[in-house]
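Here's the letter readout for the chains.
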Amino acid sequence: MFCSRKKSLEVERIVKANDREYNEKFLYKDNRIHTSKYSILTFLPINLFEQFQRVANAYFLFLLILQLIPEISSLTWFTTIVPLVLVVTMTAVKDATDDYFRHKSDNQVNNRQSEVLIDSKLQNEKWMNVKVGDIIKLENNQFVAADLLLLSSSEPHGLCYIETAELDGETNLKVRHALSVTSELGADISRLAKFDGIVVCEAPNNKLDKFTGVLSWNGSKHSLNNEKIILRGCVLRNTSWCFGMVIFAGPDTKLMQNSGKTKFKRTSIDRLMNTLVLWIFGFLICLGTILAIGNSIWENQVGDQFRTFLFSNEREKNSVFSGFLTFWSYIIILNTVVPISLYVSVEVIRLGHSYFINWDRKMYYSRKATPAEARTTTLNEELGQIEYVFSDKTGTLTQNIMTFKKCSINGRIYGEVCDDWGQKTDMTKKKETMGFSVSPQADRTFQFFDHHLMESIELGDPKVHEFLRLLALCHTVMSEENSAGELIYQVQSPDEGALVTAAKNLGFIFKSRTPETITIEELGTLVTYQLLAFLDFNNFRKRMSVIVRNPEGQIKLYSKGADTILFERLHPSNEDLLTLTSDHLSEFAGEGLRTLAIAYRDLDDKYFREWHKMLEDANTTTDERDERIAGLYEEIERDLMLLGATAVEDKLQDGVIETVTSLSLANIKIWVLTGDKQETAINIGYACNMLTDDMNDVFIIAGNTATEVREELRKAKENLFGRNRSFSNGHVVFEKKQSLELDSVVEETVTGDYALIINGHSLAYALESDVKNDLLELACMCKTVVCCRVTPLQKAQVVELVKKYRNAVTLAIGDGANDVSMIKSAHIGVGISGQEGLQAVLASDYSFAQFRYLQRLLLVHGRWSYVRMCKFLCYFFYKNFAFTLVHFWFGFFCGFSAQDVSDQNSMDYPQLYKPGQLNLLFNKSEFFICMAHGVYTSLALFFIPYGAFHNMAGEDGRHTADYQSFAVTTATSLVIVVSVQIALDTSYWTVINHVFIWGSIATYFSILFTMHSNDIFGIFPNQFPFVGNARHSLTQKCIWLVILLTTVASVMPVVAFRFLKVDLFPTLSDQIRQWQKAQKKARPLRTRKPQTRRSSSRRSGYAFAHQEGYGELITSGKNMRAKNPPPMSGLEKTLYNSTSWIENLCKKTTDTVSSFSQDKTVKL
């Protein structure tokens, strides 16, 4: 029965409205979601399976089994089972706690309420109980519960507005509209309850921008596309209500299809330790084999006489069997070379590092009272090995707040502030902002520092008036008045909102529009313009225009768009102004501002009527309609008169530029993966200094077919590699010291900096198996990579591509639900608690409030965690080899019976981060060095006391060379030697260091004297028979001389080696410490004057909507209400925080690097 009901692979989906019984036969999934890893039944087996994937846990389990066999066990079984159970239990509790919070989050989402049409009436239902085919009512500002077919809405013609920030990170509104046959259903519950349409559509998939299907109802079929669908994760905006039919629910929704699975993450050190444990186990087998063979030989040659002397009643042993038992006994005895305490200590260290992150006040965001949080305790040292950072753009790098900063009007720049000598000054230092006495409706939070613009307005400068008039007329903004009489703007793009708001604050206020008119208030006077034509924006035109008739009867065309496009259409008389404006645009672009050119044209009435007639004819034709319309647009948008240009700032988060620069200096590559459009992403790249005008080339991959993408990648590679093959002395880019899995990714000699820009459509083809190698090879040779218009799943695929083939440690950072897949896929996931909810934070390993804290997380906490962990592991393996091998050497004689720099310096010198990327501080070679060090120490610890005790007498003339005195001497030497060694490894001394290091020695002596005391003998006479031996041995001067000799012989080679290494081959850390000491003696350097910012080539990056604009909706009147609606939420107020620059950081870094390069080669 179960097999018969098992759901087969879905090819297409058939859904009938209001008929759960019909839809249930297809076994569609309900709306419940699961992001947790375990259930109550599966937790124990799955968690134990995951934990025993760690080789050490399996190793200790094997030892435990051996210790349960009395014939070979020399240690009691509880010495292994107690710490093993403790470690497994602690890890299980931590994993269970993490999963509990995931269950809690799932339950919170699944128990949200939604109004569902059941039995001809609306009922409140939990989201998890919503079924495919149900009809749901949504209200303004509600989240969409499932993927819905829009049926009707409160807006004219079934329109509704949605915000898709959870899907693609964009906060600008998008339009969806219902079919005309279903929009007539309105809010009539009885008609909606009788709706029985059948939808046949595509199977569940992850394509956010595509949907195909057919609705069959009342004997007619109606095609469906993405414009008719509202996806789960969207928010209904500026729409009182709407009704929708559930097409995909729960795991089948496109949002969940783009969500990656929760993965078990382990650090590279964990994986290395798994390998080392296997090697050590092999080494242990070799030691056991040697000792077993020795035991068999000893039993065969000496054992009979020795047994006769001691155990006369014991029968003769088989020498081979004795060697076999001895082998397993030594496996148990020597297991301390990898004790389970190693893993307990590692987890404790990681927990401490997590608290250091949580307690770091420099990563606390006071505005929102948000501290940094380490949401996992197992990945801290991986933060010190990051090579690739994959970052979202909107909300992560930027605030998604557009600010009108400057403009150029008729050859003059407005927005710059000059001092009394005419020199430009920093606007952030100018406290006095412009007063707007002209506009009583001005937004008092609007900041503009140049009073000359207001003076030009008041003096009636015709060019300035025309410029602001264009900003108030040429747009797709919708306006409403709330109950307080305040204007509320609904914007398709934040850029348009910034320009219309600027015009409003400068006295040209956009008031309202109808399909035929636009009304603005010009310096207090209402003026209505007749809207004659709307030439809308698209990605090919990169401009928009309106044709209006003013009250005087003049016809004017107002146009705004990309300067590279608009300048080609200017009248020849604009040549001088064009040159001047181009210089201004270059200056704006050099400051990272998004530029836009402004122009107009006076039209003859007769010419316009003839043109408009041709446009009407083109709109009614079916043959090459779009081409004919585009040709007519081109015809009328020519001979334009240039007015000037605008400069809008897409406000970066505080400290983004400094962070990007610092991470780049640390050899960390930053890739931007965004759902935003190409022009916007490129401009943010320039604003963040990830893209610069000094780059040799920027490769743009925008092919629409697999063949085109392959050809563009080939040409880009030829361009990059072809240029560099002629250079023989260029620097070689080594991504990794280890060999890479991807053979085709060869390390080339690359001179200069390059960048790669690729859109989501092209990326889909580039990720195919026969092309992705070319993509990865090209991308990894570039300094910066920007992937735009990508889906959440594509973000994860890019991360997986680099993880798999580059063998590099990756970090993904984002703030929205569209970043969850990427965050889960990377080695380290960082969530920013921003404006797009907490989905990214809940899926992350670390979280904080601002992108700038990433610099401190990696360069300070990451580097410190890595350095400390590597020091600990090197010391631990050294100590245990030294301790364990003493037993091995003893076996031949009895033995065949069984800191660093400060946090600020870490930030100032990002090059200190590179050893972690190259994994220099703990790797296989370092392990063998520790092993060799431990072997040498064990030889000194055993053979120096052994030689000294040969025929040695004490001060009282008695023989001291007994077994227990030798053990006390060797053990005391061992404790002192390893304590001195850890003191040598300590970079920064605190009270805690002193207490634990010297306190451990004191603890050892207290335990030693207790074990050899009369009292303990009285309680456990069989276990502690050596009464007074410690006191007797350690009162002998010769014993202390032996201990001193052993300590010096063990430690002095290490001290000499380190002294010579620092002096002859200093690392970057050594050089910085020496430089700091020299700086303390030298007088402070004179402050350098800030350098003038270079000019850059012009870039146009005005962010129109990502699809075509609202022009058709506006002129059709479909989005116009018949009467004033209730007040809706308005445009988010603009914040004005100045972007800080990085002169000091660059100065410090450049000076340091140059000084080091002049002295000697920096060796890491």
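Residues numbered from 1 in each chain as written. Predicted model: local features only at pLDDT ≥ 70, side-chain atom pairs only at ≥ 80, totals over all residues. Heavy atoms only, no water.

Draft legend 1. The overall build of the chain, seen in detail. The number of helices and strands found in the chain is 38 helices and 35 strands. Of the roughly 52700 Å² of accessible surface on the chain, a fraction of 56% belongs to carbon and sulfur atoms. (Helix = DSSP H or I, 4+ residues; strand = E, 2+ residues; numbered from the N terminus. Areas by Shrake-Rupley, 256 points an atom, 1.4 Å probe, with all protein chains shown as cover.)

Draft legend 2. Inspection of a nonpolar patch on the surface at higher detail. A contiguous nonpolar surface patch, about 520 Å² in accessible area, is contributed by Leu984, Leu1041, Leu1044, Val1048, Met1052 and Val1055. Here the element with the most residues in the nonpolar patch is helix α35 (residues 1037-1064); it accounts for five residues. Locating Val1055 in the fold gives a position in helix α35. Take Val1055: its relative accessible area is 33%, and that puts it in the partly exposed class. (Patch = residues over 30% accessible without salt bridge, like charges linked within 9 Å, V, L, I, M, F, W, Y side chains within 5 Å. Salt bridge = Lys/Arg side-chain N within 4 Å of Asp/Glu carboxyl O. Buried < 20%, exposed > 50% of the residue type's maximum accessible area, 1.4 Å probe, protein only.)

Draft legend 3. The nonpolar core, seen in detail. Of all hydrophobic cores here, the largest spans 51 residues; its most connected members are Ile136, Leu149, Phe195, Val199, Ile230, Met245 and Ile247. Among the elements that line this core, the one with the most residues is strand β13 (residues 241-248), at six residues. (Core = buried A, V, L, I, M, F, W, Y, C linked by side-chain atoms within 4.5 Å.)

Draft legend 4. Region of interest: the packing of helix α13 (residues 462-473) against helix α14 (residues 494-505). Here α13 crosses α14 at 130°, and the two axes come no closer than 8 Å. Accordingly, the angle class assigned to the pair α13 and α14 is oblique. As for how α13 packs across α14, the hand of that crossing is left-handed. For the pair α13 and α14, the contacting residues are Leu468, Leu471 and Ala472 in the first and Leu499, Val500 and Ala503 in the second. Across the contact of α13 with α14, the residue classes tally to six nonpolar, no polar and no charged. (Axes fitted to C-alpha atoms, helices over the stretch in contact; angles between N-to-C directions. Parallel < 35°, antiparallel > 145°, perpendicular 65-115°, else oblique. Left-handed = near helix turned anticlockwise from the far one by under 90°. Contact = heavy atoms within 4.5 Å. Nonpolar A, V, L, I, M, F, W, Y, C, P; charged D, E, K, R; others polar.)

Draft legend 5. Representation of the side chain of Asp392 in the model. Along the polypeptide, Asp392 turns up in the loop between β15 (388-391) and β16 (398-409). Among residues more than four places away in sequence, those in contact with Asp392 are Leu397, Leu673, Thr674, Lys795, Ile813, Gly814, Asp815, Asn818, Asp819 and Met822.

Draft legend 6. Summary view of the pairing of strand β34 (residues 828-832). β34 sits mainly inside the fold: five of its five residues count as buried. Burial along β34 is two-sided: Ile828, Val830 and Ile832 and Gly829 and Gly831, pointing in opposite directions, are all buried. Across four bridges, strand β33 (residues 810-814) lies against β34 in parallel orientation. Paired with Gly814 across the bridge in β34 is Gly831. (Pairing = 2+ DSSP bridges.)

Draft legend 7. Quick look at the pairing of strand β31 (residues 754-759). Burial analysis of β31 places six of its six residues in the buried class, which makes it a mostly covered element. By the alternation rule, side chains of β31 split into Tyr754, Leu756 and Ile758 and Ala755, Ile757 and Asn759, which are all buried. By the bridge criterion, five bridges tie strand β30 (residues 697-701) to β31 in an arrangement that is parallel. Bridge assignment links Ile701 to a residue of β31, and that residue is Ile758. Of the pairings in the sheet, the one linking β31 to strand β32 (residues 784-788) comprises five bridges and is parallel in character. In the sheet register, Ala755 faces β32, and the bridge partner there is Thr784.

Draft legend 8. Representation of the environment of Glu166. With respect to the helices and strands, Glu166 occurs in helix α5 (residues 165-168). Classification of Glu166 by relative accessible area gives buried; the value is 7%. In this structure, the C-alpha to C-alpha distance between Glu166 and Phe143, residues 23 residues apart in sequence, is 10.0 Å.

Draft legend 9. Structural view of the pattern of salt bridges. In the structure shown here, the tally under the stated rule is 40 salt bridges. Between Arg13 and Glu10 there is a salt bridge whose closest N-O contact spans 2.7 Å. With respect to burial, Arg13 and Glu10 carry one shared label: buried. The shortest N-O distance in the salt bridge between Glu139 and Lys137 comes to 3.9 Å. Each of Arg541, Arg543, Glu568, Arg569, Glu634 and Glu637 takes part in one network of salt bridges that share partners.

Draft legend 10. Seen up close, the packing of aromatic side chains. Under the definition given, this model contains 20 aromatic pairs. A ring pair is formed by Tyr22 and Phe26, whose centres lie 5.7 Å apart and whose planes are at 70°; its orientation type is edge-to-face. Residue class for Tyr22 comes out partly exposed when judged on its relative accessible area of 23%. Summarising the aromatic geometry, the rings of Phe26 and Tyr28 are spaced 5.3 Å apart at their centres and angled 15° between planes, so their arrangement reads as stacked. Three or more aromatic residues link up through ring pairs in this structure, and these residues are Tyr22, Phe26 and Tyr28. Across from the ring centre of Phe143, 5.1 Å away, lies the NZ or CZ of Arg112, which sits over that ring. (Phe/Tyr/Trp six-rings, centres within 6.5 Å; stacked < 30°, edge-to-face > 60°. Lys NZ or Arg CZ within 6 Å of the ring centre and 35° of its normal.)

Draft legend 11. Structural view of the packing of helix α3 (residues 55-67) against helix α10 (residues 319-333). Close contact between α3 and α10 brings their axes to 10 Å; oriented N to C, the two are set at 130°. Classified by the angle their axes make, α3 and α10 are oblique. Considering only the axes of α3 and α10, their crossing is left-handed. Within the contact between the two elements, α3 uses Phe62, Leu63, Leu66 and Gln67 and α10 uses Trp328, Ile331 and Ile332. Considering only residue class, the contact of α3 with α10 consists of six nonpolar, one polar and no charged.

Draft legend 12. The sheet that holds strand β28 (residues 641-652), seen in detail. Strand order in this open sheet of nine strands is β17-β16-β28-β27-β26-β25-β24-β23-β22, and the pairing throughout is antiparallel. At either end of the open sheet lies a strand with only one pairing partner, and these are β17 (412-414) and β22 (508-513). Within the sheet, the average angular offset between the axes of one strand and its neighbour, ignoring direction, is 30°. In this sheet, strand β24 (residues 525-535) lies alongside strand β23 (residues 517-522) in antiparallel orientation, the contact comprising six bridges. Bridge assignment links Thr517 to a residue of β24, and that residue is Gln530.

Scope: geometric values only; no functional claims are made or implied.
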